Amino acid sequence: MTESLTNADLAPVPTDKRNWSMWHIAALWVGMAVCVPTYMIAAGMVSQGMAWWQAVLTVMLGNVIVLAPMILNGHPGTKHGIPFPVLVRSSFGTSGAHVPAIARSLVACGWFGIQTWIGGAAIFSILVTLEWVKPFHESDMIGMLGITATQFMCFIAFWAVHVVIILCGINSIKWLEAWAAPFLIAAGIALLIWAFVQVDDVSALFKTRSEFNSAGDFWKVFFPQLTAMVGFWATLSLNIPDFTRYCKTQRDQAVGQLLGLPTTMTLFCFIGIIVTAATIALFGEALWDPVEIVQRMGSKTVVVVSMIALLLATLSTNLAANVVSPANGFSNIAPRLISFRMGGMITALIGIAIMPWKLMEDLGAYIFTWLIGYSALLGPIAGIMLCDYFIIRRTKLDHTALYDSGGAYRGVNWRAMIALVFAVLPNLPGFINAATGRTHDAYDAALETMNAARASHTPAEFQQMIADKVLVVVNEPIFPAVFDVIYGYAWFVGLPLAVLLYAVLMKMRPYQMPVPEQTK
């Protein structure tokens, strides 16, 4: 092994140190899946016109689909004991591996910031409920930050809790997930029972109907939402070896994921839909944010206990889903200088710098630009990994070469890079349209609103409405409508295309001797 490519955190886990059972993997997924974004994910689906059961089934199907690459990519972790950044050295090269590792890490940093902001908001709500601080008021906001000093300090306080656990290492995360899982399930069921008990007519909670006029209208919304649901865990389908490397057997990692991922995601999205329906009857409006719901429960004790549960859910999700991968990814850049703990600190600092509260402002942008956008990139990476490990390598890896800058996996595998670029390319125009707010659907809707306003107002009134930003002028889309359609299927386009391109390119390489299998 070359010292510049390894450290204690990136080296293969010895067989006798692989002590994670099926329960630990299932608990890991419960801890990651129970979070505010999971609770709110169905909000976008219902707001787009889906019935409650259509949204639940979309969530279930999306998680069953992403479970396949999750279990498959978990295989090399358990068999070879290596983390994600080391695994991608076989496909992208020892130097090229930095591209997928950093791509995954930066996404995790964004999610880390979002989840930490949610936890900070829960702390702020606790303090307001206890009347230790005054409620939010726009006059207290700090300039460019867009939040108050108290809100920012609550955010930093929750951030500091993460830092303490990061410094304690990976075993502290395993311990937290195992103990948090049963408590989080109980908290979710308690919230569901609260909704059933509080309303006079339980059947009213299931009255959300589909707003689509035809099957064609439904499919136009279904596939982008399904892609977004797959994209929700597209990140973990890459770096799941970071966890499965500690598993005793393949059965532990596969069954543990089957028990933990689709069941928890479906249950908590269902809870989110039913509880939101209850808020319509109780408060006269649909409240999708559980923080806001808890604030309206009245009893200080209930509010504080509920917020503590929310804090634990957010903490368990954030540490496992958004710290472990970037910590290893950043460590992979310079293993001799950056340990797992140092990589975790880099993640935490980036999570502050991105100002996550601004990412949470618009629910539509959150689903269509953020989730689908990064799944378009990560889908091809997953495709290349799966093709390389199962089709090209036949699950056999040379451990010495993985850590050798002059070995069989040295440098950059340009075939993987070419496959990645061309698999991402079809989704890029649609992503640009979405990122700039210039999709064809948005343009058509804005144009219809503008024409209606022009017909019902005088020219002077119409111009004043534009000046007052009552009407928003939307520029024409940059790319044709077909690219918006392709972008809506981003993950499903990118992954198989990457598999095909990479397989063809690798078959064109000069013949190489079979790799001797090493599993220890």
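Predicted model only: the values in this text are computed from it and were never measured.

Participant: Explain the overall build of the protein chain to me, please; I cannot follow it from the model alone.
Facilitator: Along the backbone of the protein chain there are 24 helices and 0 strands. What you see for the protein chain is a C-alpha radius of gyration of 24 Å, in line with the 24 Å of a compact globule of 520 residues. Pairs at least 24 apart in sequence give 85% of the contacts found in the protein chain among residues at least 6 apart. A total of about 21,900 Å² of accessible surface is found on the protein chain, and carbon and sulfur atoms cover 67% of it. Between the mean site of the 29 positive side-chain charges and the mean site of the 29 negative ones, the protein chain shows a separation of 15 Å.

Participant: How should I be thinking about the side chain of Asp398 in this particular structure?
Facilitator: Structurally, Asp398 is set in the loop between α17 (363-392) and α18 (399-402). Within polar-contact distance, the side chain of Asp398 engages the backbone nitrogen of Thr400 at 3.1 Å.

Participant: Explanation requested: helix α1 (residues 22-33) in the structure shown.
Facilitator: Count 3.6 residues to each turn of an α-helix, and residues three or four apart come out pointing the same way. Across its 12 residues, α1 extends 17 Å between first and last C-alpha, which sits within 8% of the 16 Å expected from 1.5 Å per residue. With 11 of 12 residues buried, α1 is to be regarded as a mostly interior element. If you check which residues of α1 are buried, you get Met22, His24, Ile25, Ala26, Ala27, Leu28, Trp29, Val30, Gly31, Met32 and Ala33.

Participant: I would appreciate a short explanation of the nonpolar core in the present structure.
Facilitator: Generally speaking, nonpolar side chains in soluble globular proteins are found buried as a group. Counting 136 residues, the largest nonpolar core has Trp29 and Trp233 as its most contacted members. Per-element accounting of this core gives the leading share, 12 residues, to helix α6 (residues 98-129). Of all hydrophobic cores here, the second largest spans 6 residues; its members include Trp117, Ile147, Met355 and Trp357.

Participant: Got a minute to help me understand the pattern of salt bridges in this structure?
Facilitator: Where charged atoms of side chains with opposite charge meet at close range, the side chains can pair. Tallied over the full model, the rule gives 2 salt bridges. Among the ionic pairs, Asp388 bridges to Arg393, the shortest N-O distance being 3.1 Å. Assessed through its relative accessible area of 11%, Arg393 is described here as buried.

Participant: Just to check I follow, could you spell out the packing of aromatic side chains for this structure?
Facilitator: In this description, a pair of aromatic rings is defined by centroid distance and the angle of the planes. Per the stated rule, a full pass over the model turns up 26 aromatic pairs. Between Phe218 and Trp219 the ring centres are 5.0 Å apart and the planes differ by 65°, which places this aromatic pair in the edge-to-face class. You can call Phe218 buried: its relative accessible area is 14%. Judged by its relative accessible area of 41%, Trp219 is partly exposed. The rings of Phe212, Phe218, Trp219, Phe222, Phe223 and Tyr489 are connected pair by pair, giving a single aromatic cluster. Across from the ring centre of Phe283, 5.7 Å away, lies the NZ or CZ of Arg296, which sits over that ring.

Participant: Would you mind showing me how to read the state of the cysteines here?
Facilitator: As used in these notes, a disulfide is a covalent bond between sulfur atoms, one from each of two cysteines. Evaluation of the coordinates by the stated rule reveals 0 disulfides. No disulfide involves Cys35; its sulfur sits 9.0 Å from the nearest other cysteine sulfur, which is in Cys269.

Participant: What's the story with helix α21 (residues 440-456) in this structure? I'm lost.
Facilitator: The end-to-end C-alpha distance of α21 is 24 Å, a good match for the 24 Å that 17 residues give at a rise of 1.5 Å each. Within α21 the residues assigned to the buried category are Tyr443, Ala446, Met450 and Ala453. Angularly, the buried residues of α21 cover 95° about the axis, an arc narrow enough to put them on a single face. Exposed and oriented more than 90 degrees from the buried face of α21 are Asp441, Glu448, Ala455 and Ser456. Of the surrounding secondary structure, the elements contacted by the buried residues of α21 are α22 (459-467).

Participant: Help me out: how do you make sense of a nonpolar patch on the surface in this one?
Facilitator: A cluster of nonpolar residues, Trp414, Ile418, Val421, Phe422, Leu425 and Leu428, forms a patch on the protein surface that exposes about 610 Å² of accessible area. With respect to the helices and strands, the residue Val421 is situated in helix α19 (residues 414-424).

Participant: Is there a simple way to think about the packing of helix α8 (residues 170-198) against helix α12 (residues 250-283) in this case?
Facilitator: When two helices pack together, their arrangement is captured by the angle between the axes and the distance separating the axes. Packing of α8 against α12 brings their axes to within 9 Å, and their N-to-C directions diverge by 35°. The chirality of how α8 crosses α12 is left-handed. For the pair α8 and α12, contact is made by Leu184, Ile185, Gly188, Ile189, Leu191, Leu192, Trp194, Ala195, Phe196 and Gln198 and by Phe268, Phe270, Ile271, Ile274, Val275, Ala278, Leu282 and Phe283, respectively. Class assignment of the residues belonging to the contact of α8 with α12 gives a composition of 16 nonpolar, 2 polar and no charged.

What counts and what doesn't
Residues numbered from 1 in each chain as written. Predicted model: local features only at pLDDT ≥ 70, side-chain atom pairs only at ≥ 80, totals over all residues. Heavy atoms only, no water. Helix = DSSP H or I, 4+ residues; strand = E, 2+ residues; numbered from the N terminus. Rg over C-alpha atoms; globule rule 2.2 N^0.38 Å. Contact = heavy atoms within 4.5 Å. Areas by Shrake-Rupley, 256 points an atom, 1.4 Å probe, with all protein chains shown as cover. Lys, Arg positive; Asp, Glu negative; His and termini not counted. Charge placed at Lys NZ, Arg CZ, Asp CG, Glu CD. Polar contact = N/O pair within 3.5 Å; in protein donor to acceptor, adjacent residues only side chain to side chain. Expected span 1.5 Å × (residues − 1). Buried < 20%, exposed > 50% of the residue type's maximum accessible area, 1.4 Å probe, protein only. Core = buried A, V, L, I, M, F, W, Y, C linked by side-chain atoms within 4.5 Å. Salt bridge = Lys/Arg side-chain N within 4 Å of Asp/Glu carboxyl O. Phe/Tyr/Trp six-rings, centres within 6.5 Å; stacked < 30°, edge-to-face > 60°. Lys NZ or Arg CZ within 6 Å of the ring centre and 35° of its normal. Disulfide = S-S within 2.5 Å. Arc of directions from axis to C-beta. Patch = residues over 30% accessible without salt bridge, like charges linked within 9 Å, V, L, I, M, F, W, Y side chains within 5 Å. Axes fitted to C-alpha atoms, helices over the stretch in contact; angles between N-to-C directions. Left-handed = near helix turned anticlockwise from the far one by under 90°. Nonpolar A, V, L, I, M, F, W, Y, C, P; charged D, E, K, R; others polar.

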